[in-house]
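# Survey of secondary and tertiary structure
Below are the chains, spelled out letter by letter.
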Amino acid sequence: MTNNVYKDAYPGLLEKVVLSVDDNEMNQLVIAKIMTNAGMKTVTVPNGAEAIKKLKEGLKPDFILMDLEMPVMNGMEASEFIRRNISSQIPIIINSGSVSDVQKWRLRRLGIDEFLEKPYSMKDVFSKLSKYAAVCPA
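Described below are features of the structure shown in this document. Treat the numbers as computed from the prediction; the structure is a model and nothing was measured.

## Comments concerning the nonpolar core
- Judged by nonpolar contacts, the single largest core of 21 residues is most densely connected at Val21, Ile64, Met66, Ile94 and Leu107.
- Elements represented by at least two residues in this core include exactly strand S1 (17-21), helix H3 (48-56), strand S3 (63-67), helix H4 (75-86), strand S4 (92-96) and helix H5 (101-110).
- Once residues within four sequence positions are removed from consideration, valine 21 is found in contact with Val45, Asn47, Gly48, Ala51, Ile64, Leu65, Met66, Asp67 and Met70.
- In terms of nonpolar packing, the next biggest core, distinct from the first, is built from 19 residues, Tyr10, Leu13, Met35 and Ile93 among them.

Printed below as a string of structure tokens:
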């Protein structure tokens, strides 16, 4: 039986699409399962280059959940490219084990909307996502 606590607590997130960018397979599975249980759709890619490819192919996510440290293209590089070349409107939330104050400052200047430091609770994730649900691009 599926627990609908997040569907009930955050109804504005139903049917929203999350682009989850993370190189850790376990993190990918956990995020996808939780988002699905909350009535959201998840597209998962292992690095920033793949995220950019999906966006260029026409994916229009409501949110991007971006890990900071990844091979091929890290979260900072991908976020900078997305902001400068693809969209300044899609909320980007950096999720990482550690983000230094210097990194946060640089990422804020790039237009990053939020930070989630691992380990985080799902309440934290959904609270941050729901903050941007009303301003998601159509």
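## Re the sheet that holds strand S5 (residues 114-117)
- A sheet is described by the order of its strands in space; here 5 strands give the open sequence S2-S1-S3-S4-S5, paired in parallel fashion. Of all strands in the sheet, those with a lone pairing partner are strand S2 (41-45) and S5, marking the two edges. Within this sheet the neighbouring strands show an average axis-to-axis angle of 20 degrees, counted without direction.
- Where S1 and S3 come together, 4 bridges link them in parallel fashion. Along S3, the bridge assignment pairs serine 20 with leucine 65.
- Across the sheet, H4 lies against S3 and S4, angled at about 150 degrees from S3, the strand it touches most.

Conventions adopted
- Residues numbered from 1 in each chain as written.
- Predicted model: local features only at pLDDT ≥ 70, side-chain atom pairs only at ≥ 80, totals over all residues.
- Heavy atoms only, no water.
- Core = buried A, V, L, I, M, F, W, Y, C linked by side-chain atoms within 4.5 Å.
- Buried < 20%, exposed > 50% of the residue type's maximum accessible area, 1.4 Å probe, protein only.
- Helix = DSSP H or I, 4+ residues; strand = E, 2+ residues; numbered from the N terminus.
- Contact = heavy atoms within 4.5 Å.
- Pairing = 2+ DSSP bridges.
- Axes fitted to C-alpha atoms, helices over the stretch in contact; angles between N-to-C directions.

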